[in-house]
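Architecture and fold: a report
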Amino acid sequence: QKYSSFYRQVYGWGFHRILSGPDYNSFYHELFLRDSPDLSLKMKRPSRTELAERRQALPDSPPNFYLMPPVSESDIDALEDSSSPPVSLDDYWDKLTR
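Residues numbered from 1 in each chain as written. Predicted model: local features only at pLDDT ≥ 70, side-chain atom pairs only at ≥ 80, totals over all residues. Heavy atoms only, no water.

Assigned secondary structure in the chain consists of four helices and two strands. When the helices and strands of the chain are listed from N to C terminus, the series reads α-β-β-α-α-α. Looking at the chain residue by residue over its 98 residues, the buried ones come to 29%. By sequence separation, contacts in the chain at least 24 residues apart represent 54% of the contacts at least 6 residues apart. For the chain, the computed accessible surface area is about 7100 Å², with 52% contributed by carbon and sulfur atoms. (Helix = DSSP H or I, 4+ residues; strand = E, 2+ residues; numbered from the N terminus. Buried < 20%, exposed > 50% of the residue type's maximum accessible area, 1.4 Å probe, protein only. Contact = heavy atoms within 4.5 Å. Areas by Shrake-Rupley, 256 points an atom, 1.4 Å probe, with all protein chains shown as cover.)

Here is the structure:
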């Protein structure tokens, strides 16, 4: 009972579960990053339609966080200045690497 409620809340906020690899059973969100608490202020609970669209846009394999470059302060500032959060992890990293 408690786990199903937890999963419902986590998925409801747009987190994604990793189903394979070294981070199996972990959750991630594009705006929930270590050492970047200000980004989480941009999180909002998406509507059911938005959640469905995000699920459709997910890549076939989970992201490999170990190959991604560290996020710098200037990257975080650029994201915080953005008017809307990115829709997918790919969009997020594209925005960081521009």
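The full count for this structure, using the stated rule, is six aromatic pairs. When the ring of phenylalanine 6 is compared with that of phenylalanine 27, the centres are 6.1 Å apart and the planes differ by 85°; the resulting orientation is edge-to-face. With phenylalanine 6 in helix H1 (residues 2-12) and phenylalanine 27 in strand E2 (residues 27-28), the pair connects residues that are 21 residues apart, well separated along the chain. Overall, phenylalanine 6 belongs to the partly exposed group, its relative accessible area being 43%. Aromatic ring contacts, followed pair by pair, group Phe6, Tyr7, Tyr11 and Phe27 into a single cluster. (Phe/Tyr/Trp six-rings, centres within 6.5 Å; stacked < 30°, edge-to-face > 60°.)

Considering the arrangement of structural elements, one finds histidine 16 in strand E1 (residues 16-17). Overall, the relative accessible area of 7% leaves histidine 16 in the buried class. A polar contact of 3.4 Å, which involves the side chain of histidine 16, links it to the backbone oxygen of glycine 14. (Polar contact = N/O pair within 3.5 Å; in protein donor to acceptor, adjacent residues only side chain to side chain.)

Per-residue confidence for the chain gives a mean pLDDT of 77, with 79% of residues at or over 70. The lowest-confidence element of the chain is helix H4 (residues 89-97), averaging 60 in pLDDT; the highest-confidence one is E2, averaging 88. (pLDDT = per-residue confidence, 0-100.)

So, about unusual backbone geometry. With glycine set apart, most residues show a phi of negative sign, and most peptide bonds adopt trans. Of note in this structure, asparagine 25 is not a glycine but carries a positive phi near 70°. Secondary-structure assignment places asparagine 25 in the loop between E1 and E2.

Within the secondary structure, isoleucine 18 is located in the loop between E1 and E2. Relative accessible area serves as the criterion here: at 2%, isoleucine 18 is assigned to the buried category. Each C-alpha atom of the pair isoleucine 18 and proline 63 lies 8.3 Å from the other, and the pair is 45 residues apart in sequence. Residues in contact with isoleucine 18, not counting those within four places in the same chain, are Asp23, Tyr24, Asn25, Ser26, Tyr28, Pro62 and Phe65.

Turning next to the environment of tyrosine 66. You can see tyrosine 66 is positioned in the loop between helix H2 (48-57) and helix H3 (73-81). Expressed as a C-alpha distance, the spacing of tyrosine 66 and proline 22, which sit 44 residues apart in the sequence, is 9.8 Å. For tyrosine 66, the residues in contact, after removing those within four places along its chain, are Pro22 and Asp23. A distance of 2.8 Å separates a polar atom in the side chain of tyrosine 66 from a polar atom in the side chain of aspartate 23.

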